[in-house]
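One letter stands for each residue in the lines below.
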Amino acid sequence: MSNKNLKELREGCTPQDNAEMILLVKKQYPGFDKSLLSKCTNSQKYGVQLVPEAMKILLKRFGQEQTPEKPQNKRTSSGHRLSCRISARLPDADYAALQQRLKADGYKTMQAWLADMVRQYLQKGGE
C-alpha cells in the first residue's frame, strides 16, 4: 500500500482513531510515534514511508468504512505508572526562587515536592 492510501485512511479518522493507529503500530514497532505517522503521511516531503506490515495492521483495523455512530473512546494511556497530571505556569523569578528553596529543603525533583504538597493538602482536608 502506498502512503497516499495512508493519508486517505487518516483523513477519514477521528483524533481518537489516529491515537489508536499509533498504538497499533507501536506494538510492532516500539519507536513509532505521532511525529512518524505524520511524516509517513507526507512521504513526498520527508522521504519516510510506512513499512508494508504496519500498513496491513492499519488497514485491517481501519480499512473498512467506519460507522458514523461510533462511541467516543477514552484517551489512551501514555504508559506512565502515575497517569494523572497537574501543572502550573510561574513567572521566571518565582520559578527560580522555588527551585532554590526546593534544593535547600532536600527535594530532589519538582515531582517529589509537588506530590508531597498534594498529600499534605489532602490530609488537611480530612481533619
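See above for the structure.
Small disclaimer: the values here were computed from a predicted structure and weren't measured.

Every buried residue belonging to helix α5 (residues 52–62) is among Ala 54, Met 55, Leu 58 and Phe 62, and all of these are buried. Considered in projection along α5, the buried side chains sweep an arc of 100 degrees and stay on one side of the axis. Among the exposed residues of α5, those oriented more than 90 degrees off its buried face are Lys 56 and Lys 60.

Residue placement: Asn 18 occurs in helix α2 (residues 15–28). Dropping the residues within four chain positions of it, Asn 18 is found in contact with Arg 10, Cys 13 and Leu 37.

An ideal rise of 1.5 Å per residue puts 20 Å on 14 residues; α2 measures up with 21 Å between its terminal C-alpha atoms. Along α2, the positions that sit buried rather than exposed are Asp 17, Asn 18, Glu 20, Met 21, Ile 22, Leu 24 and Val 25.

Looking now at the packing of aromatic side chains. Taken as a whole and assessed by the stated rule, the structure comprises 0 aromatic pairs. Over the ring of Tyr 46 we find Lys 39, and its NZ or CZ is 5.8 Å from the ring centre. Over the ring of Phe 62 we find Arg 61; its NZ or CZ atom is 4.6 Å from the centre of that ring.

The rules we used
Residues numbered from 1 in each chain as written. Predicted model: local features only at pLDDT ≥ 70, side-chain atom pairs only at ≥ 80, totals over all residues. Heavy atoms only, no water. Buried < 20%, exposed > 50% of the residue type's maximum accessible area, 1.4 Å probe, protein only. Helix = DSSP H or I, 4+ residues; strand = E, 2+ residues; numbered from the N terminus. Arc of directions from axis to C-beta. Contact = heavy atoms within 4.5 Å. Expected span 1.5 Å × (residues − 1). Phe/Tyr/Trp six-rings, centres within 6.5 Å; stacked < 30°, edge-to-face > 60°. Lys NZ or Arg CZ within 6 Å of the ring centre and 35° of its normal.

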